[in-house]
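Each chain, letter by letter, is given below.
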Amino acid sequence: MRIINLEDKPKNKTKIFLDNGENFILSSKVLENMGLKLNSDISQELYDKTISDLLYKDACTKSLKYLSSSARSTWELRENIKEYPEKIIDKTIKFLSQYNYANDERFAENFIYDCLTVKFYGKIKISFELHNKKIAKQIIDDSIEKYINNDLEYESAKKFVESHVINPKEITLKNKLYRRGYSFGVIDLIVKEFGTKK
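Quick caveat: nothing in here was measured; it's all calculated off a predicted structure. (Residues numbered from 1 in each chain as written. Predicted model: local features only at pLDDT ≥ 70, side-chain atom pairs only at ≥ 80, totals over all residues. Heavy atoms only, no water.)

Trainee: Account for the packing of helix α5 (residues 104-119) against helix α7 (residues 137-147), with residues named and values stated.
Mentor: α7 packs onto α5 with a crossing angle of 50 degrees between their chain directions and a minimal axis gap of 10 Å. Judged by the angle between their axes, α5 and α7 are oblique. By crossing handedness, the relation of α5 to α7 is classed as right-handed. Contacts between α5 and α7 involve Asp-104, Glu-105, Ala-108, Glu-109, Ile-112 and Leu-116 on the former and, on the latter, Ile-139, Ser-143, Ile-144 and Tyr-147. When grouped by side-chain class, the residues that make up the contact of α5 with α7 number six nonpolar, one polar and three charged. (Axes fitted to C-alpha atoms, helices over the stretch in contact; angles between N-to-C directions. Helix = DSSP H or I, 4+ residues; strand = E, 2+ residues; numbered from the N terminus. Parallel < 35°, antiparallel > 145°, perpendicular 65-115°, else oblique. Left-handed = near helix turned anticlockwise from the far one by under 90°. Contact = heavy atoms within 4.5 Å. Nonpolar A, V, L, I, M, F, W, Y, C, P; charged D, E, K, R; others polar.)

Listed below in structure tokens is the structure:
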């Protein structure tokens with residue numbers, strides 16, 4: 001393999017393009033320490049033992065840092081490290097899966113809990129948001145069936161109205177609850193309890 005192009009990146013990083021179509025990013029210092037520059041040849045052994053190791057450690061570090069602020073879907077984790085070679089991405093996701101960091105079932109469970117209790121979303125919006133995070137339809141359907149029932153959705157809607165709705169005019173209240181993805185049955189119950197005709 002031969003380096004056919006080098007591209008400077010922010011934070012003292014360099015993107016390396018190889019003649020086999022592969023590209024990856026290393027710190028400029030590592031590149032310098034390895035004596036690699038434009039037109040340098042990289043043996044398969046050097047790539048497998050050193051560069052691949054460095055990329056894997058870097059991808060794991062970046063992923064763990066990304067996870068430190070919030071749980072993520074497997075798709076989000078892959079997107080976060082998409083600049084790495086596919087083998088490195090797969091190896092990193094496998095590592096994260098061993099510790100349940102890349103586990104879409106667990107992610108969906110936690111996401112549903114947060115949506116009901118913190119964001120005050122109904123099951124329709126929760127389903128939509130999980131779909132946007134590329135969670136498999138079967139996982140979404142199973143998780144919603146397992147973790148959301150009418151009572152929980154009603155309690156979530158009730159807390160939303162009590163803490164966020166100042167003037168509960170019937171039409172306005174219906175619209176707010178609809179935009180938050182609550183089911184029609186729950187919306188009707190909440191409007192009967194809190195809505196005013198004025």
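Anyway, onward from the coordinates.
Trainee: Report on the nonpolar core, specifying residues and quantitative values.
Mentor: With 23 residues, the main nonpolar core has Ile-16, Phe-24, Leu-26, Ile-42, Ile-51, Leu-55 and Tyr-84 as its most contacted residues. Those elements giving two or more residues to this core turn out to be β2 (13-18), β3 (23-27), α2 (44-67) and α4 (86-98). Of the residues forming this core, the biggest block, seven residues, is contributed by α2. Here Ile-51 is in contact with Phe-24, Leu-26, Met-34, Leu-36, Ile-42 and Leu-46, once residues within four sequence places are set aside. Among the nonpolar cores identified, the runner-up in size contains 14 residues, and Ala-108, Cys-115, Leu-130 and Ile-144 belong to it. (Core = buried A, V, L, I, M, F, W, Y, C linked by side-chain atoms within 4.5 Å. Buried < 20%, exposed > 50% of the residue type's maximum accessible area, 1.4 Å probe, protein only.)

Trainee: I'd like a rundown of the packing of aromatic side chains, residues and numbers included.
Mentor: Scanning all chains against the criterion turns up six aromatic pairs. Plain terms: the ring middles of Phe-107 and Phe-111 are 5.6 Å apart, the flat faces sit at 25 degrees to each other, and that makes the pair stacked. In this pair, Phe-107 and Phe-111 both sit in helix α5, four residues apart, roughly one turn of the helix. Accessibility classification places Phe-107 together with Phe-111 in one group, the buried group. Relative to Phe-160, the ring of Phe-120 has its centre 6.4 Å away and its plane inclined at 45 degrees; by these criteria the two rings are tilted. With Phe-120 in the loop between α5 and α6 (123-132) and Phe-160 in helix α8 (residues 150-164), this pair connects stretches of sequence that are 40 residues apart. The class of Phe-120 is buried, set by a relative accessible area of 10%. In this structure Phe-160 comes out as buried when scored by relative accessible area, which is 6%. These aromatic residues form a ring-pair network of at least three members: Tyr-56, Phe-95 and Tyr-99. (Phe/Tyr/Trp six-rings, centres within 6.5 Å; stacked < 30°, edge-to-face > 60°.)

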